[in-house]
Amino acid sequence: MHHDNVSTAAGSNDRIFDEKGFDESGKVSLDHIYTQPDPRAYFTTLRRLDYVIPELAKPFFGQLVDEHGGRRGRAPVILDVGCSYGVNAALLRCDLTMADMYARYAGLPAGGETGPASLAARDRALTGAHRGPTTPRFIGLDSSRPAIAYALAAGFLDDAVCADLENREPTSQEQALLAEVDLVVSTGCIGYIGAPTIERIARAADEHRRPAMAHFVLRMFPFDPIADALGALGYETERVDGVFPQRRFASAREREQVLDTLATVGVDPRGLEADGWLYAELHISRPRGTASLAAVSTSTATATGASRAQAHGTRGGTTLTA
């Protein structure tokens, strides 16, 4: 399959990314940036790819925290699935942008004042200044122990589950943490984890206190298996109108392979992925009977998310109700 008039972030650096290999979906492997002792490689690499989805997700997550958080008489608890270095928590907790995060870490030299311990201490000072009695509590779920360890040391996460819940049940201690969650979010891990993980998270809570969920999912990964599994547990799932750019393709080869995958699952890439970006959709799942947001298109979260997404080339509207 060949497509003209497209752009990638890498250009002459295609070979650098292609040498990392590719996963089964055709995406370039970036596993190495998730296993470092601090986030410098993560942000240095993703800045080159214009990775933006956490910032586009932020206003939606904020609005959903207002809707579903703190229903148990305490500060809301958010579980970030595939949390890596606690990026979503940092944006929400400290009111940061991705530009802030790139400036904070990308390109910093190793050692000395920019070693992992120094960076974590600097981050703890930042998060401490944004902590209050109503500040949400953030729990991370990821299989990368180094990323989890940094996010905890930095104060972005309050607690964490370092586990692969695709292949095993949570331990009693992990289940106790998951049972406290009010809102489950993710911005790119679906496709690498699926219905087994999401179902185990939902089942950790009492059936009358199961959390709401909001997952940004690349269009190449069908969400139906997860929606069906949640439906069996009493959830209703809706897809938010519009699409959201995740990042530029890392290379021409990655673009071609992802376009082939999209063709295989019956997704039309014209005007979207064919133009050089990976795009995601937002799926919101709520326990049946949970009041949903009124369809107010002028709400802060909706308006902010729409304007930022449109600035990066998305199509369609963005509201939190179908």
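Heads up: these notes are all about the structure in this document. Note that the structure is predicted; figures quoted are calculated from it, not measured. (Residues numbered from 1 in each chain as written. Predicted model: local features only at pLDDT ≥ 70, side-chain atom pairs only at ≥ 80, totals over all residues. Heavy atoms only, no water.)

## Looking at unusual backbone geometry
Reasoning step 1: Of note in this structure, Ser84 is not a glycine but carries a positive phi near 45 degrees.
Reasoning step 2: Considering the arrangement of structural elements, one finds Ser84 in the loop between β1 (77-81) and α4 (87-94).
Reasoning step 3: For Ser84, a relative accessible area of 3% corresponds to the buried category.
Reasoning step 4: Located in the positive-phi region is Asp95, a residue other than glycine, with phi close to 55 degrees.
Reasoning step 5: Relative to the helices and strands, Asp95 is located in the loop between α4 and α5 (98-105). (Helix = DSSP H or I, 4+ residues; strand = E, 2+ residues; numbered from the N terminus. Buried < 20%, exposed > 50% of the residue type's maximum accessible area, 1.4 Å probe, protein only.)

## Here we look at the packing of aromatic side chains
Reasoning step 1: In this structure the tally under the stated criterion is 11 aromatic pairs.
Reasoning step 2: Look at Tyr34 and Tyr42: their rings are 5.6 Å apart centre to centre, the planes differ by 75 degrees, and that puts the pair in the edge-to-face class.
Reasoning step 3: Judged by centre distance (6.3 Å) and plane angle (70 degrees), the ring pair of Tyr85 and Tyr150 falls under edge-to-face. Placement of Tyr85 in the loop between β1 and α4 and of Tyr150 in helix α7 (residues 145-154) is noted, with a sequence separation of 65 residues between them. (Phe/Tyr/Trp six-rings, centres within 6.5 Å; stacked < 30°, edge-to-face > 60°.)

## Description of the pairing of strand β2 (residues 137-142)
Reasoning step 1: For β2, a buried count of five out of six residues is recorded, marking the element as mostly surrounded by other parts of the structure.
Reasoning step 2: Sheet topology note: the β1/β2 ladder contains five bridges and is parallel. Within the sheet, the bridge partner assigned to Leu79 lies in β2 and is Ile139.
Reasoning step 3: Bridge count between β2 and strand β3 (residues 159-162): four bridges; the pairing is parallel. In the sheet register, Asp142 faces β3, and the bridge partner there is Cys162.
Reasoning step 4: In this region the chain leaves β2, passes through α7 and returns to the parallel neighbour β3; the handedness of that crossover is right-handed. (Pairing = 2+ DSSP bridges. Right-handed = clockwise from strand over helix to strand, strands pointing away.)

## Some points on helix α3 (residues 53-68)
Reasoning step 1: The end-to-end C-alpha distance of α3, which contains 16 residues, comes to 22 Å, matching closely the 22 Å that a straight helix rising 1.5 Å per residue would cover.
Reasoning step 2: Along α3, the largest kink reaches about 30 degrees and is centred on Pro59.
Reasoning step 3: For α3, a buried count of 14 out of 16 residues is recorded, marking the element as mostly surrounded by other parts of the structure. (Expected span 1.5 Å × (residues − 1). Bend = angle between axes of the 7 residues up to and from the residue.)

## Considering the pairing of strand β8 (residues 277-287)
Reasoning step 1: The element β8 is largely enclosed, with a buried count of 11 among its 11 residues.
Reasoning step 2: Relative to β8, strand β5 (residues 212-218) is paired through six bridges, and the arrangement is antiparallel. Note that in β8 the partner of Leu218 across the bridge is Ala280.
Reasoning step 3: Of the pairings in the sheet, the one linking strand β6 (residues 235-239) to β8 comprises five bridges and is antiparallel in character. Residue pairing in the sheet places Thr237 in a bridge with Ser285 of β8.
Reasoning step 4: Relative to β8, strand β7 (residues 244-248) is paired through four bridges, and the arrangement is antiparallel.

## So, the environment of Arg253
Reasoning step 1: Of note, Arg253 is situated in helix α11 (residues 252-264).
Reasoning step 2: Overall, Arg253 belongs to the partly exposed group, its relative accessible area being 45%.
Reasoning step 3: As a C-alpha pair, Arg253 and Gly26 span 227 residues in sequence and 8.6 Å in three-dimensional space.

## Concerning the nonpolar core
Reasoning step 1: Of all hydrophobic cores here, the largest spans 95 residues; its most connected members are Phe43, Leu79 and Phe216.
Reasoning step 2: Considering each element in turn, this core owes the most residues, seven residues, to α3.
Reasoning step 3: Excluding residues that lie within four positions of it along the chain, Leu79 makes contacts with Ile139, Gly140, Leu141, Leu178, Val181, Leu183, Val184, Val185 and Ile201. (Core = buried A, V, L, I, M, F, W, Y, C linked by side-chain atoms within 4.5 Å. Contact = heavy atoms within 4.5 Å.)

## Considerations on the environment of Ala202
Reasoning step 1: Among the structural elements, Ala202 can be located in helix α9 (residues 195-204).
Reasoning step 2: Measuring from C-alpha to C-alpha, the distance between Ala202 and Leu233 comes to 8.0 Å, with 31 residues separating the pair along the chain.
Reasoning step 3: The residues touching Ala202, leaving out its near neighbours within four places in the chain, are Arg210, Met213, Leu230, Leu233 and Tyr235.

## Description of the pattern of salt bridges
Reasoning step 1: According to the stated counting rule, one finds 19 salt bridges in the structure shown.
Reasoning step 2: Residues Lys58 and Asp95 are paired through a salt bridge, measuring 2.7 Å at the closest nitrogen-oxygen approach. Here Asp95 lies in the loop between α4 and α5 and Lys58 lies in helix α3, a separation of 37 residues in the sequence.
Reasoning step 3: Accessibility expressed as a relative area gives 58% for Asp95, which makes it exposed.
Reasoning step 4: Note that Arg255 and Glu256 form a salt bridge whose closest N and O atoms lie 2.7 Å from each other.
Reasoning step 5: Since its relative accessible area comes to 15%, Glu256 is described here as buried.
Reasoning step 6: Taken together, the salt bridges that share partners define one network made up of Glu67, Glu238 and Arg286. (Salt bridge = Lys/Arg side-chain N within 4 Å of Asp/Glu carboxyl O.)

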